[in-house]
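# Commentary on secondary and tertiary structure
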Amino acid sequence: MSDIVPKTETTTRVGVRFALDIIELVLNTSATFRVILYDIDGASINTQFVVLSGTAYSNWGNNDEYVVQYVANQLGFVIVPPLLT
């Protein structure tokens, strides 16, 4: 085996779905969500956090789909209809 100058190798993993967990809720103020991105095999490939506050928090009401779309917009995701199998 021969030593070399360190060389960075990059692997691309493609996210195809995401899930949300609420990790903090400050009533009437804000909510912090953990967003987990998954690849086609269901392996977690990234975790990010999104805070919902101000007008966005007020607009949430009881419509959880609003939160899903808000998070998708914040992270640049485009939600597509489920595939029929």
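Here, the structure is the one placed above.
Procedures and definitions
Residues numbered from 1 in each chain as written. Predicted model: local features only at pLDDT ≥ 70, side-chain atom pairs only at ≥ 80, totals over all residues. Heavy atoms only, no water. Helix = DSSP H or I, 4+ residues; strand = E, 2+ residues; numbered from the N terminus. Buried < 20%, exposed > 50% of the residue type's maximum accessible area, 1.4 Å probe, protein only. Contact = heavy atoms within 4.5 Å. Salt bridge = Lys/Arg side-chain N within 4 Å of Asp/Glu carboxyl O. Patch = residues over 30% accessible without salt bridge, like charges linked within 9 Å, V, L, I, M, F, W, Y side chains within 5 Å. Areas by Shrake-Rupley, 256 points an atom, 1.4 Å probe, with all protein chains shown as cover. Pairing = 2+ DSSP bridges. Core = buried A, V, L, I, M, F, W, Y, C linked by side-chain atoms within 4.5 Å. Phe/Tyr/Trp six-rings, centres within 6.5 Å; stacked < 30°, edge-to-face > 60°.

### Some points on the environment of Q48
- In this fold, Q48 is placed in strand β3 (residues 44–53).
- Accessibility expressed as a relative area gives 32% for Q48, which makes it partly exposed.
- Through-space distance from the C-alpha of Q48 to that of V80 is 20 Å; in sequence the pair is 32 residues apart.
- Apart from the residues within four sequence positions on either side, Q48 is in contact with F33, R34, V35 and L75.

### Here we look at the pattern of salt bridges
- Counted by the stated rule, this structure contains 3 salt bridges.
- E9 is paired through a salt bridge with K7; the nearest N and O atoms lie 2.7 Å apart. Judged on exposure class, the residue E9 and its partner K7 are both exposed.
- Note that D39 and R13 form a salt bridge whose closest N and O atoms lie 3.5 Å from each other. Of this pair, D39 sits in the loop between β2 (30–38) and β3 while R13 sits in the segment before β1 (17–26), placing them 26 residues apart in sequence.
- Given a relative accessible area of 11%, D39 falls into the buried group.

### Re a nonpolar patch on the surface
- A cluster of nonpolar residues, V14, V16 and I40, forms a patch on the protein surface that exposes about 290 Å² of accessible area.
- Within the secondary structure layout, V14 lies in the segment before β1.
- Looking at V14, the relative accessible area reads 55%, which means it is exposed.

### As for the pairing of β2
- In terms of residue burial, β2 counts as a mostly covered element, since 7 of its 9 residues are buried.
- As judged from the 9 bridges shared by β2 and β3, these two strands associate in the antiparallel manner. Pairing of A31 across the sheet is with L52, part of β3.
- Between β2 and β3, which follow one another and run antiparallel, lie 5 residues, and G42 among them has a positive phi close to 85 degrees.

### What to know about the nonpolar core
- With 11 residues, the main nonpolar core is built from A31, F33, V35, V50, L52, A56, Y57, W60, V67, Y70 and V71.
- When contributions to this core are tallied by element, the ones reaching two or more residues are β2, β3, α1 (54–60) and α2 (64–75).
- Beyond its immediate chain neighbours, meaning those up to four positions away, W60 contacts I22, L25, A31, F33, L52, Y66 and V67.

### Some thoughts on the packing of aromatic side chains
- Applying the stated criterion to the full structure yields 4 aromatic pairs.
- A ring pair is formed by Y57 and W60, whose centres lie 5.9 Å apart and whose planes are at 85 degrees; its orientation type is edge-to-face. In this pair, Y57 and W60 both sit in helix α1, 3 residues apart, roughly one turn of the helix. Of the two residues examined, Y57 and W60, each falls in the buried class.

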